[in-house]
Every structure is written in C-alpha cells, then in structure tokens.
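# Working through the structure, step by step
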Amino acid sequence: MPHLVIDYSANLIDFPSAQILAEVNAALCSSPEVKEEADVKSRTNRIEQFEIGTAPAHRGFVHAQLRLLSGRTPEAKKDLAERVAVVLRKHTPRPADMMVQLSVEVLDMDRGSYVKERL
C-alpha cells in the first residue's frame, strides 16, 4: 500500500512518466498515511487505443487510480488524491489544440484478502 496506476492517452506525446512517478512518490511518502516509503508502488500505462466521447475533437486524458488498504478516513483519502492531482496538474502536457481531462480515483483494497510479502 499504496498502489498508484496512472493511465494516459498516447496522444500526450511528451508525457513525462519518470518525472511524474518520482514526484508523486515523494508527495505520497510525505503523507502521515504512508508509514514506509518502500510501500509506495507506482507505474504508468500509455493507452494506445482509446475514445473520449463521440465528437471528432482532439482529446486526451490522464487517469490515476490510487489503491489503499481499507480503513482510511474520507479526509485522508481526499488528501492523498490531491497530492497525486497536484503533481499531475503540474506535469501533464496541454497541447494547444487538445482538451485534456485529468482525474484521480481512490479505491479501497480489502485488508482481509490482501497478501503482501517482501522476498
């Protein structure tokens, strides 16, 4: 915990994955909700095939899913989501001819069935 998966549309050509991952990990690790920095696992996925709406407009997206062990308060979830959003707002490309949608979603992982081991 936490797991962060950032999907972004392939038409965001200059999406700086490495920089975003480094900064978002630092932002999450600075939260009192994260007890150990090695617990933060993040990755990006470039999505080649996508559709946004039905209009023939140039559109792109960045969507982050932050998966946390269940039991966090709504305030803690909001804070963590905003930490991710701040980094994404800072670094997401904004091509002049494209509408880019940015979203962050927080999901609970069931504590009872979650398995984690350090090997």
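Shown above is the structure to which this text applies.
Just so it is clear, the model here is predicted, and its values are computed rather than measured. (Residues numbered from 1 in each chain as written. Predicted model: local features only at pLDDT ≥ 70, side-chain atom pairs only at ≥ 80, totals over all residues. Heavy atoms only, no water.)

Summarising burial for strand β1 (residues 3-9): 6 of the 7 residues are buried, a large majority. In this region the chain leaves β1, passes through helix α1 (residues 17-29) and returns to the parallel neighbour strand β2 (residues 41-47); the handedness of that crossover is right-handed. Sheet topology places β1 next to strand β3 (residues 59-69); 6 bridges connect them, and they run antiparallel. Paired with Asp 7 across the strands is His 63, a residue of β3. (Buried < 20%, exposed > 50% of the residue type's maximum accessible area, 1.4 Å probe, protein only. Helix = DSSP H or I, 4+ residues; strand = E, 2+ residues; numbered from the N terminus. Right-handed = clockwise from strand over helix to strand, strands pointing away. Pairing = 2+ DSSP bridges.)

Here the focus is helix α2 (residues 74-91). Its 18 residues give α2 an end-to-end C-alpha distance of 26 Å, which sits within 8% of 26 Å, the value for a rise of 1.5 Å per residue. Among the residues of α2, those classed as buried are Ala 76, Leu 80, Ala 81, Val 84, Ala 85, Val 87, Leu 88 and His 91. The secondary structure elements touched by the buried residues of α2 are β1, α1, β3 and β4 (99-109). (Expected span 1.5 Å × (residues − 1). Contact = heavy atoms within 4.5 Å.)

Summed over the entire model, instances satisfying the criterion amount to 7 salt bridges. The salt bridge partner of Arg 83 is Asp 79, with a shortest N-O separation of 2.7 Å. In this pair, Arg 83 and Asp 79 are both assigned in helix α2, 4 residues apart and thus about one turn of the helix distant. According to the relative accessible area criterion, Asp 79 is partly exposed, its value standing at 33%. (Salt bridge = Lys/Arg side-chain N within 4 Å of Asp/Glu carboxyl O.)

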